[in-house]
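Topology and contacts: notes
Here is what each chain is made of, one letter per residue.
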Amino acid sequence: MSTELLPPVAPDVLADAVEQLSARLRKKLDAAISGCADHASTTADGAVEVHFGEDATVTLRPGPSGTVTNAEQVVCTCLLAPRCLHRAAALGAAPIADGEGDTGGGDDSGTGKAAGSGTASDTGAGPEEAAPTAPAADVAATVVSPAALSAAQVLAATALWDAAAEALSVGVTAGGAVVQAELLRAAHTARLAGLPRAEAAALRVVRSLRAARERSEGQRLADLTEAFRELLAGTALLASGSADTDAAGSARRVYEQGGSLRVYGLCREPVLSATGYGGVTTHLVGSDGAGYTVSDVRPGGLARVKGAGSASVALGGAVLDHAGLARGGLRIVGATVSADGRLGAGRGVSATPLRGVDWSEEPAAALFTRPVQEAMAAVLADGAPEAGGPGRTAPSLLGCDVEVIGAAGDSVVVRVAGEGPLLRLRPAHPHPELPHAANLRRIAEHPGLALRVLGRPDLDRAATLRSLAVGPVPGASATLRLPDAWKGRADLGYDRLQGEHFPRESAGPADCGPVTAGPDPLAEAPLWRVRRLLETGVAGGRRAVAEAGRGTDAASLSARLTRAELGVAAHLAQALTTEAGRRPRDTFGRLTDPSADAYARAWLASAVHLAAAERSLVAASWS
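Here's what I pulled together on the structure shown here. This is a predicted model, so every value here is computed, not measured.

Another point: unusual backbone geometry. Of note, the bond from A81 into P82 is cis; its omega dihedral lies within 30 degrees of zero at 5 degrees. Among the secondary structure elements, P82 is positioned in the loop between β4 (74-76) and α4 (85-93). A cis amide bond links E362 with the next residue in sequence, P363, at an omega value of 5 degrees. Note on placement: P363 falls in the loop between β10 (350-354) and α12 (366-369). Positive phi values are uncommon outside glycine, yet A463 reaches one of about 45 degrees.

A separate point is helix α16 (residues 527-548). An ideal rise of 1.5 Å per residue puts 32 Å on 22 residues; α16 reaches only 16 Å between its terminal C-alpha atoms. At G540, α16 shows its largest bend, some 135 degrees. Looking only at α16, the buried set comprises L527, R529, V530, L533, L534, E535, G537, V538, G541, R542, V545 and A546.

Below, the discussion takes up the pattern of salt bridges. If charged atoms from side chains of opposite charge come close, those side chains can pair. Summed over the entire model, instances satisfying the criterion amount to 27 salt bridges. Its salt-bridge partner being D491, residue R327 comes within 3.9 Å of it at the nearest N-O pair. Here R327, found in the loop between α11 (322-326) and β8 (329-338), pairs with D491, found in strand β16 (residues 490-491); they are 164 residues apart in sequence, far enough to count as distant. Summarising the burial analysis for this pair, R327 and D491 share the class buried. Residue R601 pairs with D597 through a salt bridge whose shortest N-O separation is 3.1 Å. Taken as a pair, R601 and D597 lie in helix α19 (residues 597-621) at a separation of 4 residues, close to a single helical turn. Three or more residues are tied together by salt bridges with common partners; here these are R268, R327, D491 and D495.

Burial analysis of strand β15 (residues 464-471) places 7 of its 8 residues in the buried class, the great majority of the element. Of the strand pairs in this sheet, strand β13 (residues 422-427) and β15 are connected by 4 bridges, and their pairing is parallel. The residue of β15 that forms the bridge with R424 is T464. Alignment of strand β14 (residues 450-457) against β15, held across 6 bridges, turns out to be antiparallel. Within the sheet, the bridge partner assigned to R456 lies in β15 and is R466. Adjacent in sequence and paired antiparallel, β14 and β15 are bridged by 6 residues, among which A463 carries a positive phi angle near 45 degrees. Where β15 and β16 come together, 2 bridges link them in antiparallel fashion. Paired with A469 across the strands is D491, a residue of β16.

Calculation criteria
- Residues numbered from 1 in each chain as written.
- Predicted model: local features only at pLDDT ≥ 70, side-chain atom pairs only at ≥ 80, totals over all residues.
- Heavy atoms only, no water.
- Helix = DSSP H or I, 4+ residues; strand = E, 2+ residues; numbered from the N terminus.
- Expected span 1.5 Å × (residues − 1).
- Bend = angle between axes of the 7 residues up to and from the residue.
- Buried < 20%, exposed > 50% of the residue type's maximum accessible area, 1.4 Å probe, protein only.
- Salt bridge = Lys/Arg side-chain N within 4 Å of Asp/Glu carboxyl O.
- Pairing = 2+ DSSP bridges.

Spatial relationships are all this shows, so hold off on functional conclusions.
Next up, the structure:
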């Protein structure tokens, strides 16, 4: 179903339209939604019309922002309007508009206010993002402990938990427009109560539910499972009343005064989001070794990604583009910095270009001299929240010197210099139009090649590095030979490695035989059975989990986990299947406990333990 013509709709507008339907019309809503987007057309005045036969036409007139934000912007010509099926179906087929909150834990849309966005709304110059002007001593003197959540916030979180638990209980197969509308209603209430992080998590679940039901390309059940885990974990913490206001998230990305900074480019990373955003993020390192980023991410597709790689950087009047900044540097006066290292471009920020540094010079060299095990431990500790925690930030960059062994599937197997562990290099982005995969294939053709690699550890795979850039190893003879204009590094998402960039003679044997990627404790552990059980619940609801808990499959699952000394995982999986099948009824066959609360808590307990166990195995694979 194509929704390109339909404008985004605010979550509360869709929720209100579904709530006004009668029970009879709600049963027909999913069928009505499935085909109405194909009958949409635009008018001369910019409105969008959706035709339902000859008797009814729904007209959507988005506001100046391009989003339908109130009910008066959607009208239907039928006699039942506004409480009609046509109006609710048109709204249900439209994309869901982004919430106003900032999650504080990874911006999957890429719309965080950061330097280089090129628009007034993304410059970080608004009053909400202005840097504090008070001296540091005065700020330190006024720091207070985070306040507790209000009663209204706890009630809103409880309502969102109930809606999420019900959506999990019915699964994708029954999670149609009515279930999604209940989630959107609860998410809107959470936003009004000042819980932007919970609202953002709920919107991710609704979008993933839609994509799963429409069987959209690129949609993975694992992504929806993770979205449910994050939503349930966050709302459970908020609904308990024990959390403070930090757990609620912030309404906008907060930028604080960073003073005068000297930053040096490391590499560029293409950003191509499944939610329709594209652009580039340039990674920088400060003179003190801290990491920073400058982003240019806006609505757009692959063309936007390619063009952003050489677009100008709108940061304090700097004349560099992203390609130049990735190999150059900046001296920034009056810098504003967010908690995750994004550089803001407020009115008081000024920047002048600096000479870039080679990866063998400080402060960049420190990224490659740190032992890889120590660096990975720091990434696991600081780069991502605890399993089950609200939100998830992208892990920090990790650099190391490696020797190429060869290709293993779609990965390049390398060994860290100094008899280090075996690693798998994978593309940072798998899109075939981006040169990540092609560059790695060329690298795999040169066993024995010495490389300096900078990438982001994949926290969901054993000993895997999502490589962003490569360069020659100082002093090595069998290493890359890059053009002088590249400043000793190649951005794998933008630069294309050619034969002339490699040594003329192969550094390793011409035929080294099949390449093995080394031990994979994550694949060898039977935890994948627990993940399959959790994903079964997301796809088919609690009935599917109850069916999976009957017969020999449940006994086999428990036995395999116990033999692998994963007794807690076995206990939690057994508790989940037991709770899924617990449907007590009275003498008339009516459910005596229709609530999905206990089932959702059992599912969440197993999901949180699985995430923590997998994270431990990933950490062990780097040693």
